[in-house]
Structures are given as C-alpha cells and as structure tokens.
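What follows is the residue order along each chain.
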Amino acid sequence: MKTIASFTVNHDTLEKGMYISRIDGDVITYDIRMKKPNGGDYLPVPAMHTFEHLFATYARNSAFSDSVLYVGPMGCRTGFYFLLRDRVSSEEAIRLVQESFAFIAAFEGEIPGSKRWECGNYLEHDLAGAKAAAADMCRVLEGWTPAMLAY
Ligand SMILES: [Zn+2]
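Quick caveat, the model's predicted, so the values are computed rather than measured.

(A) Spatial organisation of the pattern of salt bridges. Enumeration according to the criterion identifies 9 salt bridges in this entry. The shortest N-O distance in the salt bridge between K16 and D136 comes to 2.8 Å. Of this pair, K16 sits in the segment before β1 (17–24) while D136 sits in helix α3 (residues 127–141), and the two are 120 residues apart along the sequence. Overlapping salt bridges, with partners in common, bring together K16, D136 and R139 in one network.

Right under this line is the structure:
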C-alpha cells in the first residue's frame with residue numbers, strides 16, 4: 001500500500017501550532033498540533049474528549065458552521081483535525097480556531113452532548129483538562145498568520 005501523504009511529514013520536527021496538511025478539492029484539512037510529536041506529553045483521553053465536544057459545538061454554531069466538515073482528535077493524541085471548505089479564508093480559519101479555543105478555555109457549566117444518550121463514553125470527560133489545553137493553545141496561536149500555516 002502507498003504511504004499516505006500525512007505520514008511523509010517528518011513528525012519529529014513539528015512544533016505546536018496550526019498547519020494545512022491537505023487540500024482535497026474545496027476541502028482544507030488543518031492540523032491543529034497541540035503537543036510536540038513524540039515529546040512524551042500527550043492529550044489525556046478524557047480532556048481530549050471534552051475538547052472535541054466543545055470545539056465542535058463552537059465551530060458548528062459559528063458564522064462558518066456551513067463550512068465546517070469535521071472536527072476530531074488525532075489518534076496520536078497530539079492534536080485535532082479541522083476540515084473546512086475553502087470559502088473560509090486562512091485568516092478566518094485561524095480566527096475561528098482562536099475563538100473556539102478561547103470559548104473552551106473559559107467554558108463553565110454542563111459539557112454539551114455529555115448526557116448518556118448523546119455520547120459514546122459519557123463518563124470519560126475532563127473539563128478542567130480541556131480548558132487547560134485550550135488556554136495553552138490560545139497562547140501558542142496568538143498572532144498566528146496565514147504564512148505560518150505551511151508545514
Ligand atoms: Zn462524546
């Protein structure tokens with residue numbers, strides 16, 4: 001089988017940030033790298049799970065909701081995939097991620113979609129962990145520019 005494109009990026013040299021990993025037609029895949037690959041520190045599963053619920057909730061309620069195709073965690077637990085239509089500009093995509101993460105960092109209350117019938121593992125959540133990860137990434141992405149999206 002062919003090596004898929006995302007495996008040809010040298011993960012050992014990647015740093016935390018937001019990057020474009022693929023463009024397929026009008027779909028742009030952003031990699032939001034929240035931990036340094038192979039750095040020994042990974043997103044804990046419960047925090048990553050809560051982060052997913054809040055990130056998806058914010059992005060899908062934003063002005064760009066019709067252009068949000070997918071929000072989901074990387075299996076390696078170093079970040080998230082965020083797929084948008086290309087009618088969302090790079091500047092807008094960065095701002096949407098910054099706003100989403102600020103929303104998560106400040107979130108209080110019941111985690112959206114965390115009732116037993118709404119979620120596949122409703123007990124495995126960690127709001128404090130999600131907020132800490134979001135606050136960290138708000139600092140990383142402060143001042144991020146479209147030129148910084150290239151891997
Ligand atoms: Zn869930």
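(B) Up close: the coordination of the zinc ion. Taken together, the protein donors to the zinc ion comprise H49 (NE2), H53 (NE2) and C119 (SG), at separations of 2.1 to 2.3 Å. Considered as a linear motif, the donors of the zinc ion on their single chain read H-x3-H-x65-C. Here C119 lies in the loop between α2 (90–106) and α3 and H49 lies in helix α1 (residues 45–59), a separation of 70 residues in the sequence. The same class applies to H49 as to C119, namely buried.

(C) Structural detail: the sheet that holds strand β2 (residues 27–33). Read across the open sheet, the 4 strands follow the order β1-β2-β4-β3; overall the sheet is antiparallel. Unpaired on one side and paired on the other, β1 and β3 (68–73) mark the two borders of the sheet. Taken over all neighbouring pairs, the strand axes of this sheet differ in orientation by 20° on average, direction set aside. As paired elements, β1 and β2 share 7 bridges and run antiparallel to each other. Residue M18 lies in a different strand from β2, and its bridge partner there is I32. Sheet strands touched by α1: β2, β3 and β4 (79–85). Its angle to β3, the strand with the most contacts, is close to 165°. Set on the sheet, α3 makes contact with β1 and β2; between it and β1 the angle comes to about 80°.

(D) Examining unusual backbone geometry more closely. For N38, which is not glycine, the phi torsion reads 55° and is therefore positive. Considering the arrangement of structural elements, one finds N38 in the loop between β2 and α1. One non-glycine residue, R77, lies in positive phi territory at about 65°. Counting through the fold element by element, R77 comes out in the loop between β3 and β4.

(E) How the structure looks around the side chain of R33. Mapped onto the elements, R33 comes out in strand β2. Of note is the side chain of R33, whose polar atom sits 3.1 Å from the side chain of Y151. Filtering out sequence-adjacent residues up to four positions away, R33 remains in contact with H11, L14, E15, K16, G17, Y19, M74, C76, T78, M137 and Y151.

(F) How the structure looks around the pairing of β3. Where β3 and β4 come together, 5 bridges link them in antiparallel fashion. Each bridged residue has a counterpart across the sheet, and for V68 the counterpart in β4 is L84. Linking β3 to β4, which pair antiparallel, is a turn of 5 residues; within it R77 sits at a positive phi near 65°.

(G) The arrangement of α1 in detail. Between the first and last C-alpha of α1 there are 21 Å, a value that for 15 residues agrees with the 21 Å anticipated at 1.5 Å per step. Taken residue by residue, α1 has A47, M48, H49, T50, F51, H53, L54, F55, A56 and A59 as its buried positions.

The rules behind these values
- Residues numbered from 1 in each chain as written.
- Predicted model: local features only at pLDDT ≥ 70, side-chain atom pairs only at ≥ 80, totals over all residues.
- Heavy atoms only, no water.
- Salt bridge = Lys/Arg side-chain N within 4 Å of Asp/Glu carboxyl O.
- Helix = DSSP H or I, 4+ residues; strand = E, 2+ residues; numbered from the N terminus.
- Donors = N, O, S within 2.8 Å, 3.2 Å for Na, K, Ca; no water.
- Buried < 20%, exposed > 50% of the residue type's maximum accessible area, 1.4 Å probe, protein only.
- Pairing = 2+ DSSP bridges.
- Axes fitted to C-alpha atoms, helices over the stretch in contact; angles between N-to-C directions.
- Contact = heavy atoms within 4.5 Å.
- Polar contact = N/O pair within 3.5 Å; in protein donor to acceptor, adjacent residues only side chain to side chain.
- Expected span 1.5 Å × (residues − 1).

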